[in-house]
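Geometric and topological summary
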Amino acid sequence: MQRIGWLRIGMAMVSALLVLFIAGPVLRLLVYAAPTELQAALADPELRAAIALTLFTATAATLIGLTLGLPLAYALARTPFRGRHVVTALLDLPIVLPHPVAGLALLLFLGRQTAVGRVLAFWGIEVVNHIPGIIAAMLFVSVPLIVHAARDAFRAVDPQLERVARSLGDNGWQAFRRITLPLAGRGVLTGAVMAWARSVSEFGAIVILTYNPKVASVYLYDRFTLSGLPAAIPAAAILLLVSLAVLGVVRFVRPREPA
Amino acid sequence: MIRLEGVGVHLPQFALREINFVVPARGHGLIIGPTGSGKTTLLEMIAGHLPLASGRIFLRGHDVAGIAPEARRVGIVYQHYHLFPHYTVRENIWYGLTGPGRGRPVGPAHARIADLADRLGIGHLLDRTVTGLSGGEQQRIALARALAPAPDILLLDEPFSAVDPTTRRAVRAVLQSIHEQEPITILQVTHDFEDALRWGDVVAILHEGTVAQAGRPDDVFRYPNSPEVARFVGTGNLLAGVIQRREAADPEMALTFPALFRVGRLVLELVADREGPAHIILRPEDLVVGRAPHLGSARNRFGATIVRRETVGPITYLHVDAGEPLTAAITTTTADEMQYRTGEVVQLAIKATAIHII
């Protein structure tokens, strides 16, 4: 009895240490930044532009990820096609790849000297050191989150529901739109929000592909390396608040975990 | 009309081959097979959800190869109903009537939903969500949803297997009345023989991936064409033995002759059309039971010991040992009046012409 009591106390202490390790720096950063400094930082047009660019590019990357990722997720969930495991493994690659490596790989694939880069340039799309580069980097690192979440969500919808809908007169698209998508909606939305959050926090791939114009994470790194810690802290605190807001949204849309 | 010609499918779990079966227009056909024998797959192929490996499917006389499910005008009710969980009961039924849209259905859609809900006794559920409904309620809603667009072909996948007997009887009666009033051809897959006996115009028995026997339910159940079908439908006492001719063949009656069937120490007289190893069926209700030897015209009379009594409502089954284990069926009233007891020796009789040779 006494042994169990000590075990519980030990486990509680270890858990508390971990929680402190995560909460400590966050709280420290928020406390460190004085409200007046936060206001001043918010007035900085460069920071505001960086935050706006981050939110815009992350949204664009998420929408492109949904457009391209949902058909693939549906195929992975429903169709036992040859090479499915290879595709799944490929989708895991951006998650395990160091992000600067992803940035270099994208540079080699989408740069102006490459065939793909030339085709894109022909269509008027400049990637490297342009906004499409930021979107490409964000898409690369975040789209697996959409595909995995959507695939699991589609898999959880019984295919016989779609078959009933088709026997009631729906074509394939109508059955998907009216039955599968609404039922998988929460899972898809969770994946989209996670991907959006991942895009907002991306740094390693973006900094290689598109240093300028600066997204918030690159701007922050720039402030820290050029002007030191005090100059970076208010901007960091603002980005932290944005991240906390995103976390709140994620918690709101994600299916409830059992208590 | 539904016609299956040489239909086949190959899946990892099972294979169906050479399925031939015809359900006449406005008829009710049943395909009976054990669980996991591919019955649901067969229905999904007819509805157009799965591709055929071989053969052809004709609906209303037309080959439906390449026709999309939504163009086949076939209603389907699955064993587990598969109601749309994000719609209300009304919206589920409305779905096949170009709904659900905003607000409530109007005009013909409203009238159809109200009529079906009334006939199936689910009017009070229309504004509810489908979660938390009983199996019987879900079953009736699924049926209403499938019937709403007035399909002339309805596929039923074990529709009564997950509900209690009272609900089963009630819904069966409603479906039967709808079937009488609307021009629907029904194909039902089931493992329940009662459905076939009460309902079916035609029945097919699936065995080892193909149709072992098809025909009118009464014929299939009374005269199974193989020991496998006999075992599967549980027709009665199935005995494996040898037929021996008793008299020389009469040239005028060359097709049949009096014969003896021997199995162990049991020897039975019958009318045969062949000699050698064979199976025979003694239907439990054809076995006459008494304390004294039977005085009628039955050619076969023998003693047997009652091993067990089993009463199922008005019928009592006497499981006896006559050298071979046999079962005789008598009314429970007779069983009670005669006070048959386990261990008692009784006299059995059966006419030679009542023995069915497989």
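Quick notes on the rules
- Residues numbered from 1 in each chain as written.
- Chains lettered and ligands numbered in written order.
- Predicted model: local features only at pLDDT ≥ 70, side-chain atom pairs only at ≥ 80, totals over all residues.
- Heavy atoms only, no water.
- Helix = DSSP H or I, 4+ residues; strand = E, 2+ residues; numbered from the N terminus.
- Buried < 20%, exposed > 50% of the residue type's maximum accessible area, 1.4 Å probe, protein only.
- Contact = heavy atoms within 4.5 Å.
- Domains from an automatic or database assignment.
- Buried area = accessible area lost by both parts, 1.4 Å probe.
- Salt bridge = Lys/Arg side-chain N within 4 Å of Asp/Glu carboxyl O.
- Polar contact = N/O pair within 3.5 Å; in protein donor to acceptor, adjacent residues only side chain to side chain.
- Nonpolar A, V, L, I, M, F, W, Y, C, P; charged D, E, K, R; others polar.

A few words now on the overall build of chain A. Of the regular secondary structure elements, chain A holds twelve helices and zero strands. Put simply, chain A runs from its N terminus to its C terminus through helices and strands in the order α-α-α-α-α-α-α-α-α-α-α-α. Overall, the C-alpha framework of chain A stretches about 75 × 65 × 30 Å when taken along its three principal axes. Taking all 259 residues of chain A together, 40% fall into the buried category. A separation threshold of at least 6 residues defines the contact pool for chain A, and within that pool the share at least 24 residues apart is 77%.

Right, let's get into the side chain of Thr114 of chain A. Residue and element names in this part refer to chain A. For Thr114, the location among the structural elements is in the loop between helix H5 (99-110) and helix H6 (115-122). Exposure remark for Thr114: the relative accessible area of 16% places this residue in the buried category. In this structure Thr114 touches Leu108 and Phe109, once residues within four positions along its chain are discounted.

Okay, the domain arrangement of chain A next. Residues and elements named next belong to chain A. Per the domain assignment, the segments of chain A are domain 1 (1-32) and domain 2 (34-253). On the domain 2 side, the residues contacting the four residues of domain 1 number eight residues. In total, about 570 Å² of surface goes out of reach between domain 1 and domain 2, with carbon and sulfur atoms giving 83% of it. Interface area lost by domain 1 to domain 2 is led by Leu29, Leu30 and Tyr32, which between them contribute 86%. Here domain 1 and domain 2 share zero salt bridges between them. Taken together, domain 1 and domain 2 are joined by zero residue pairs in polar contact (both at pLDDT 80 or more). Classifying every residue of the side of domain 1 that touches domain 2 gives four nonpolar, no polar and no charged.

A cis amide bond links Asn212 of chain A with the next residue in sequence, Pro213 of chain A, at an omega value of -5°. Looking at the secondary structure, you find Pro213 of chain A in the loop between helix H10 (204-209) and helix H11 (216-227). Positioned with a positive phi, His82 of chain B is a non-glycine residue whose angle comes to about 50°. Summarising the element assignment, His82 of chain B is placed in the loop between strand S6 (74-77) and helix H2 (89-94). Using a relative accessible area of 11% as the deciding quantity, one classes His82 of chain B as buried. Here Glu208 of chain B, not a glycine, exhibits a phi torsion of approximately 50°, which is positive. For Glu208 of chain B, the location among the structural elements is in the loop between strand S9 (202-207) and strand S10 (210-215).

Our focus in this paragraph is the domain arrangement of chain B. All names here are of chain B. Domain boundaries in chain B define domain 1 (2-231) and domain 2 (236-357). If you average the C-alpha positions of domain 1 and of domain 2, the two centres end up 39 Å apart. Contacts between the two partners involve seven residues from domain 1, matched on the other side by six residues from domain 2. The contact between domain 1 and domain 2 buries some 580 Å² in all, and 58% of this surface belongs to carbon and sulfur atoms. Counting across the domain 1 and domain 2 interface gives one salt bridge. With a closest N to O distance of 3.9 Å, Arg222 and Asp286 form a salt bridge. Along the contact surface separating domain 1 from domain 2 lie one residue pair in polar contact (both at pLDDT 80 or more).

A few words now on the pattern of salt bridges. Residue and element names in this part refer to chain B. Enumeration over the complete set of coordinates arrives at 27 salt bridges over all chains. For Glu275, the salt bridge is made with Arg245, and the minimal N-O distance between the two is 3.4 Å. Taken together, the positions of Glu275 in the loop between strand S13 (266-272) and strand S14 (276-282) and Arg245 in strand S11 (residues 237-245) put the pair 30 residues apart, joining distant regions of the chain. A relative accessible area of 47% places Glu275 in the partly exposed class. Between Glu269 and Arg299 there is a salt bridge, with the nearest N and O atoms lying 2.8 Å from each other. With a gap of 30 residues between them, Glu269 in strand S13 and Arg299 in the loop between strand S15 (288-290) and strand S16 (300-312) connect regions that are remote in the sequence. Through salt bridges with shared partners, a single network forms among Arg3, Glu5, Arg56 and Asp63.

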